[in-house]
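Here's the letter readout for the chains.
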Amino acid sequence: MAFKGLAAAALTLATLSNAKPLNRRVSCGDGNTASNEVCCQLFPLVELIQSDLFDGGECGEEVHESLRLTFHDAIGFSPTTGGGGADGSIIKFADTETAFHANGGIDDIVGVQTQFIADNNVTISPGDFIQLAGAVGVANCAGAPRIPFFFGRPEPKAASPDGLIPEPFDSVDKILARFSDAGFSAEEVVALLASHSVAAADNVDPTIPGTPFDSTPDLFDSQFFIEVQMKGTLFPGTDDNEGEVKSPALGEIRIQSDHDLARDSRTACEWQSFVDNHDKLMSAFSAAMVKMSVLGHDINDLVDCSEVIPEPAALPSSAGPHLLPAITMDDIEAACSGTPFPTLTALAGPATSIAPVAAS
């Protein structure tokens with residue numbers, strides 16, 4: 001990937017050492033205003049992230065990978081085992097953390113972001129950069145919430161311990177226990193999985209990189225929650241991959257942990273609740289993402305710079321919860337015992353293959 005702009009100029013950001021919250025907005029001198037002066041110098045960085053990292057503001061591969069990175073960095077936190085949480089250790093100690101089995105393939109986006117930081121003399125901490133890039137990237141996906149961003153994470157001190165990142169083949173018991181250890185409820189686990197609405201897998205089946213988890217990987221919508229609930233009928237590539245189960249359509253991949261969480265009594269009703277409630281989906285995902293983004297930190301020590309995050313576009317009017325072509329309600333494996341699965345109609349036409357997410 002070629003990084004454009006600021007070939008010689010350094011991007012220098014103010015330190016937080018003497019920053020005081022202000023009771024009135026301040027002018028940043030470039031037409032933007034902020035609630036705190038330290039946020040002003042993030043605006044040009046956001047513009048650079050959009051132009052050079054996210055290909056002019058697309059909801060594409062780098063956004064998907066950057067969103068994955070926010071989680072893989074932050075969940076490296078445990079009150080009992082250690083780890084700095086959302087501190088950027090996955091960048092600073094990349095040789096250690098990218099070798100973890102659960103971080104397979106993440107070295108690509110770690111390398112891309114590390115090169116971006118170096119090429120543009122970005123001086124914010126790697127923990128701040130990872131979470132900023134994730135929030136900016138999500139905003140490029142229509143239908144997404146505007147994720148609040150808090151600024152001021154210190155430099156990471158050590159690599160995260162291995163074994164803290166859930167794997168696709170982990171049991172629901174193990175996944176919920178790992179998240180509980182980090183302070184998350186079962187409902188928040190389901191909310192965080194909305195990230196798979198704008199995601200694709202490169203390494204679950206390496207023969208088909210860029211395979212999305214649902215049919216609308218460029219939209220933050222509920223299709224992921226609908227399509228994981230559909231009966232699996234095929235493997236989109238090979239059939240012997242650890243952590244993969246059958247999906248309902250060619251070109252769509254399904255991991256075992258998503259399948260199991262959608263059908264477990266502890267999580268099934270929360271999963272189903274997102275199918276036809278987009279407002280709840282946005283609200284729950286935003287809240288869970290903020291909680292994740294400050295793991296290992298006291299949010300009161302950080303500065304709320306949420307105004308630097310772009311406002312996402314709304315879902316197009318043509319979008320809405322639906323079944324895939326040639327699928328009926330009989331293909332839904334409903335698992336919430338207390339509430340019927342919402343009645344949905346299928347898109348017209350024959351069953352089709354879902355296109356992979358294009359490499360940038």
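Residues numbered from 1 in each chain as written. Predicted model: local features only at pLDDT ≥ 70, side-chain atom pairs only at ≥ 80, totals over all residues. Heavy atoms only, no water.

Enquirer: Could you give an account of the side chain of Gln-229, naming the residues involved and the relevant values?
Expert: Along the chain, Gln-229 turns up in the loop between α10 (223-227) and β6 (244-245). Within the structure, Gln-229 has its side chain in polar contact with the backbone oxygen of Ala-262 (distance 3.2 Å). If we skip the residues at most four places from it in the chain, Gln-229 touches Arg-254, Ala-262, Arg-263, Trp-271, Asp-331, Ile-332, Glu-333, Ala-334, Ala-335 and Phe-341. (Helix = DSSP H or I, 4+ residues; strand = E, 2+ residues; numbered from the N terminus. Polar contact = N/O pair within 3.5 Å; in protein donor to acceptor, adjacent residues only side chain to side chain. Contact = heavy atoms within 4.5 Å.)

Enquirer: Just give me the short version of the pattern of salt bridges, but keep the residues and values in it.
Expert: In the structure shown here, the tally under the stated rule is 10 salt bridges. For Lys-174, the salt bridge identified is with Asp-170, shortest N-O distance 3.7 Å. Its salt-bridge partner being Asp-264, residue Arg-266 comes within 2.9 Å of it at the nearest N-O pair. Its relative accessible area of 15% is what places Asp-264 among the buried residues. Salt bridges sharing common partners tie together Asp-173, Asp-264 and Arg-266. (Salt bridge = Lys/Arg side-chain N within 4 Å of Asp/Glu carboxyl O. Buried < 20%, exposed > 50% of the residue type's maximum accessible area, 1.4 Å probe, protein only.)

Enquirer: Got a sec to walk through the state of the cysteines? Specific residues and values, please.
Expert: Counted under the stated rule, the structure contains 4 disulfides. The disulfide that involves Cys-39 links it to Cys-305, with 2.0 Å between the sulfurs. Between Cys-39 and Cys-305 the disulfide shows an S-S torsion of about -80°. By sign, it is left-handed. Residue Cys-39 is found in helix α1 (residues 37-40), and its partner Cys-305 is found in the segment after β8 (303-304); the two are separated by 266 residues along the sequence. Look at Cys-39 and you get buried, because its relative accessible area is 0%. The exposure class of Cys-305 is buried, given its relative accessible area of 0%. Between the sulfur atoms of Cys-59 and its disulfide mate Cys-141 the distance is 2.0 Å. Residues Cys-59 and Cys-141 are joined by a disulfide whose S-S torsion is about 85°; by sign, that bridge is right-handed. Here Cys-141 lies in the loop between α7 (126-138) and β3 (150-151) and Cys-59 lies in the loop between α2 (43-53) and α3 (61-74), a separation of 82 residues in the sequence. (Disulfide = S-S within 2.5 Å.)

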